[in-house]
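The residues making up each chain are set out below.
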Amino acid sequence: MRSCRAGFAGAPGARPAAVAGGVASRYSAAGTCASPAERDLSTPAPRITELLEQARAGDADARDRVFESVYAELRRLAHRQLAGQGNGRTLDTTGLVHECYLCLAGAQGPIRDRGHFFALAARVMRQVIVDYARERLALKRGGGARAIPVDDVEVAEERDALHLIEVSDMLDRLGAHDMRLAQVVECRFFAGLTEPETAEALGISERSVRRDWVEARDWMAANGA
Amino acid sequence: MPIDLDRLVPGGALSGPVFARLARAAATVEPVRVGEEFGPFRVVRELGRGGMAVVWLAERVDGAYEQQVALKLVATRGDSGTAATLFRQERQILARLTHPHIARLLDGGSRADGTLWFAMELVEGEPIDRWCAARRLPARARVALFEQVCHALAFAHARLLIHRDLKPSNILVGADGQAKLLDFGIAALLDEAGVAEHAPRALTPGYASPEQVRGEVATTASDIWQLGRLLEALFEEHDAPARDADLAAIVAHAMADDPAARYGTVAELLADLANWREARPVRAREGGLAYRLGRLLARRRWVALGAAAVGIAFAVTVAAFMVGLARERDAAEREAERTQATLGFLTGLFAVADPGVNRGERLSANEILERGERQLETELAAQPALRAELLETIGAVHLALGQSARARPLLATAAELSRGRADVSAVELARRLRALARVSWRLGQLQPALDLAEEGLRVLGAAPAADELRGGLLNTRAIVTLLLGDAASAERLQREALAAIEATLGAQSMLAGYGWNNLGRALEQQDRVPEAARAYERALAILRDAIGPDHPDTLDIGTTWARQLGFIGRRDDALRELQRVQGELARVLGAQDFRYGYALMSEAQVRLHAGEVEAALPLAARAVGIYRASAGEQNLYTAVAWETLGQAHMAHADTAAAQAAFRAALSIRERELAPGHVDLAMSRYYLGVALCRGGDAAGGRALLERARAVAPGIDGMPAALASCTGG
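In this report, the structure presented in the accompanying data block is examined.

On to the packing of aromatic side chains. Here the structure, examined in full by the defined rule, presents six aromatic pairs over all chains. Residues B:Phe41 and B:Trp117 carry aromatic rings whose centres are separated by 6.5 Å and whose planes lie at 75° to one another, so their mutual orientation is edge-to-face. With B:Phe41 in strand β2 (residues 41-50) and B:Trp117 in strand β6 (residues 116-121), this pair connects stretches of sequence that are 76 residues apart. Among the aromatic side chains, those forming a connected cluster through ring pairs are B:Phe38, B:Phe41 and B:Trp117. Its guanidinium or amino end placed over the ring of A:Trp213, A:Arg188 lies 5.8 Å from that ring's centre, counting from NZ or CZ.

Here's what the structure looks like:
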C-alpha cells in the first residue's frame, strides 16, 4: 500500500522541507490514502498535474475533473474517518482537507508544481463549500416544507451558509481590486492552508502572506457593509 | 450583510456547521466496489468516468439470462429522493422509448447513500465525431448519421421526452454503422429533481443552448439547438469535408439564439436536410417565406413563452408535439386560421401550467393533457373540426405513452365530431376511426373495434393516396374477426387484405409483414400448424427488413414462429430460436416486459410438448409472474400464461396446483370474453379435467359439459368425459 508520503518524497521539485513532512506527520498516517486496488487502476485516474495545467489554461472540463477528484477523495477520507467512530461522530475537518491534498498528490504520482496544486485545490475547496452552502440554503428556502429554521443547529447552519457565500462574493470583488489578496483569503479561510503552504501556493514569502491576510481583512471590513 | 470578522479566521470555512455537514454527507457515500449490486445488477468493471458520473459494466445478479448493461452512477450532493421518485414516475415512459437509435434505459434507482444508478443498454461504439473523423466520411455520410440522431429525437419528442444533453460523447456509432443515443431521460431527470443544479457538469460547455446557459428550462427548442451544434461539430475536425452554404444555413437556423427563430420541430430540420440532399432550396435560406410565415402566425411564440413561464419541460414538449402534428397535417390554406386557434388553445394550456396561476404545483404530462382536454370542451365548442383534430392529437400522445384507456374517449369524441362534416375529409375521418378501432381492440372491446374498422373502410371508399390507411384497416378488421373467434372468416379477410396490400404497398411492406403474422394466427387457430409456421416465417423475413431485427414486434413474431416449430416436432430449432429471441428481448426490453414472458411461456410449451416436464414448470411459473406484473392480473394474455402453468402442473401430476392455475385463467376469461367464446370453453375444459383427476367428478363433469356445449370438437373431450364418471 502506498502512503501519502511516499508520493511526496518522489516528487521532483517538491521541497521535502519541514512543510510537507510536518503536515504529513500531523494529519496523515500511512495507509489512509486509497490503495491501488481501491482506485481500480484498470482505468487510470486523471493525472492531477496535467489536469491542473489544463485548468490553468482555462479548460473548464479539466477544472471539473479536478473538482471531481477532490470531492471523491474528500468523500472517501471522511468515510474512513467516521467509520472508526461510534455514535458521537465528529470530523476533524481541517485534518480531512489536508489529508485530501496529500492523498491526491501522493497517489497521482509526482506533481511538478506542488504550490500550484495547493492553489488550485484551495479554489476547488472554495467552490465545493460555497456550492454546498447555496444548496443547503436553497433547500431550506425553496423546499417549502420548512421555511423557518426549527432549531439552533439550523439557525447556525443558515448563518454559516450566508456568511460563506458573502465572503466568497466579496472575494470576487476583492480579486478585481487585488488578486493576490483574494487568493490569500481563499487559501487560508476556505482551504485552511497554513502560512507556509499558502506561501508556497502563491509563490510569495510567509511574511507577505501574513501582511496580505491582514490587509485583506481590513479591506473586507471596510467594503463589507 | 456585513462580514463577521470574528469568523474570518484561518480555516474558518472548515470549522462551521456547513462544512461539517458536507463532510458528513460525503462520508456517507462509499466508493463502488467490483461485485457490488445495484438492483438486479452486479458491477464488473469500470468503463469510464466524467463529470459527476461513473459508468460501470454490469451483469444480471440472478444469471437468469445473459444481460450486460452499462450502469451509470451519479453522485448527488443533496437529497436524491426527488430524483428517485421522478424516476419511478417516468420509468414507464422511458421503458417505452424503444427505438433503433436510442440506447434503452432499463432500470434505475438509488443506493442507500443517495448515489443514483441507471442501467442502460450496453452500446459498443465510438463517439460520432471520432467515428466520422477516423473514416474520413464524406459530407453525405455524416449527414446520414446525423439524421439517425434526428429520427431518434423526433421519436422521443413525440413521447414527451427531451434529451437536454446532446453531444458527440453521448452518441456512439457501432461497428454496424448505426448511431445510438445514450443517456436519454437521465439529464432531464437530474435537472427536474434539481440534484445536478450546482454540479459542475450539469451543462456541457459548448453544447448548452443559450437558454440553458441562462438557467432557463430546456425545451424541444434546446434539443434542436444542440442538434445544430452537433451537426456543426461533425464538420469541425481537421480533415472534415467542407460544409457548403446550405448546410451552414441549416446549422445557423437550428442554432438561432432566439428559440422561436429555430426550426419548430425535428421534423422540419429533417425536411430541410432532405432538401439539402436532393439539392432543393433549403428552408433555412429562404429567409423570407419560412421566417415570415413563422413570425406572422406566431406559431412558435409559445415556445419562448413556455420556457419563460412554465417551469416544466413537459408542457412545452406536449405543445411542440401537438403543433408539429397539426401543422404537418394541415392543408396550407387552412393553416393560418387553424394555427391561430391552436395557438389560443396552447397559450391557455401554458396559463394553467404557469406557477403563478397554479400555485407552483408541478404538473405531470398527464395533468397537462387533462387540463388541455377540459379546455377543448369549453373553448373550442364552436369549432368541432379543429376540436376533433386536437382531441385526436392528445389521444395520440396518450397512445404513445401506452395509455389506451385514456386515449379511447378522446378518440371516440374526435370520431364523433368528424362524422358527416363537410370540412373533415374522408381520409381524416377514416384515420380517426382506425385509431379508435385499434385502441378498442387493445382494450378488448372487440365488436366495437370490428364495427369501426368496417366503418372506416366504407368511409374511405376508393379515396386516392390512402393505401397505407386502407391496408391498416383491412388488417385490423381481419385480426379482430379472429379474436372474436371466427378463424375461417379471419383467414379469408386476411388473405384479401394481403392481396390489396401487396398490390398497393408491395409484398415487402411493413403492413404485409403484419398481415402474414395475422394470417399465421388464423391458421394456427384452425390447427393448421405447418402452414402457420410458414406464414410466421414469411412475416419475420419481411419485418426484419421493414422495422428492424430487434424491434419488439419482430422478436415477438420470432417467438410465435419458434413455438410453431416446436409443435411440429422441430424441438431443437425451436429452442435455439427461442433462446436467441429471449436474449434479444432481455437486451432490448429487459426481463420485466411481457414479451419476454411470452418467450419464456413459449419455451415452456415447447418443452411440455417434447415431454421435458421438469424444465417446463419453472419457465411457466416465471412467465406467469412477468405477465401478472406487466400485463396485469386481469389480462387475457395473463390467462394464457396461467393455463400453461396449469398444464405444467398437470404434467407433474400436481392436480391441486393445476386447478388453482386453471381457475385463475378461467376467472380472467369469464370477465373478459363473451359467453360463447371458444377460449372460454377451453378454459372450462382444462379446469374440468383437472377437477376430475383430483377426484371432484361432479364439478369436473359440469365444466366439461359446459365446454362441450360451446366447442363440441375439442379433441380430448370424449376421453375426458369417459374418465370422469367414476367419481
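Residue and element names in this part refer to chain B. Across the sheet, which stays open at both edges, the three strands sit in the order β7-β8-β9 with antiparallel pairing between neighbours. Edge positions in the sheet fall to β7 (126-127) and β9 (179-181), since each has one partner strand and no second. Direction of pairing for strand β8 (residues 171-173) relative to β9: antiparallel, over a ladder of three bridges. Residue pairing in the sheet places Val 173 in a bridge with Ala 179 of β9. Against the sheet, helix α5 (residues 139-157) contacts β8 and β9, and its axis sits at roughly 35° relative to β9.

Right, let's get into the packing of helix α9 (residues 179-190) of chain A against helix α11 (residues 206-223) of chain A. All names here are of chain A. The geometry of α9 relative to α11 is characterised by a closest axis approach of 9 Å and an angle of 100° between their N-to-C directions. Comparing their axes, α11 and α9 come out roughly perpendicular. Residues Arg 180, Leu 181, Val 184, Val 185, Arg 188 and Phe 189 of α9 lie in contact with α11, whose contacting residues are Ser 208, Val 209, Arg 211, Asp 212, Trp 213, Glu 215, Ala 216 and Met 220. Taken together, the residues of the contact of α9 with α11 break down into eight nonpolar, one polar and five charged.

Judged by nonpolar contacts, the single largest core of 56 residues is most densely connected at A:Ile129, A:Phe189, A:Phe190, A:Met220 and B:Phe19. At 14 residues, helix α7 (residues 114-142) of chain A tops the list of elements feeding residues into this core. Leaving out residues up to four positions away in the same chain, A:Phe189 has contacts with A:His163, A:Leu164, A:Val167, A:Trp213, B:Arg7, B:Leu8, B:Val9, B:Gly11, B:Gly12, B:Ala13 and B:Leu14. Within the second largest apolar cluster, 51 residues are counted, among which are B:Leu161, B:Val173, B:Ala179 and B:Tyr263.

Let's shift gears to the pairing of strand β4 (residues 68-74) of chain B. Residues and elements named next belong to chain B. Counting buried positions along β4 gives six out of seven residues, so the element sits mostly inside the fold. As paired elements, β4 and β6 share six bridges and run antiparallel to each other. Each residue of the ladder has a partner; that of Lys 72, found in β6, is Phe 118.

All names here are of chain A. Here Arg 126 shows up in helix α7. Among the polar contacts listed, one links the side chain of Arg 126 to the backbone oxygen of Ser 168, at a separation of 3.0 Å. Once residues within four sequence positions are removed from consideration, Arg 126 is found in contact with Ser 168, Leu 171, Asp 172, Glu 186 and Phe 190.

What counts and what doesn't
- Residues numbered from 1 in each chain as written.
- Chains lettered and ligands numbered in written order.
- Predicted model: local features only at pLDDT ≥ 70, side-chain atom pairs only at ≥ 80, totals over all residues.
- Heavy atoms only, no water.
- Phe/Tyr/Trp six-rings, centres within 6.5 Å; stacked < 30°, edge-to-face > 60°.
- Helix = DSSP H or I, 4+ residues; strand = E, 2+ residues; numbered from the N terminus.
- Lys NZ or Arg CZ within 6 Å of the ring centre and 35° of its normal.
- Pairing = 2+ DSSP bridges.
- Contact = heavy atoms within 4.5 Å.
- Axes fitted to C-alpha atoms, helices over the stretch in contact; angles between N-to-C directions.
- Parallel < 35°, antiparallel > 145°, perpendicular 65-115°, else oblique.
- Nonpolar A, V, L, I, M, F, W, Y, C, P; charged D, E, K, R; others polar.
- Core = buried A, V, L, I, M, F, W, Y, C linked by side-chain atoms within 4.5 Å.
- Buried < 20%, exposed > 50% of the residue type's maximum accessible area, 1.4 Å probe, protein only.
- Polar contact = N/O pair within 3.5 Å; in protein donor to acceptor, adjacent residues only side chain to side chain.

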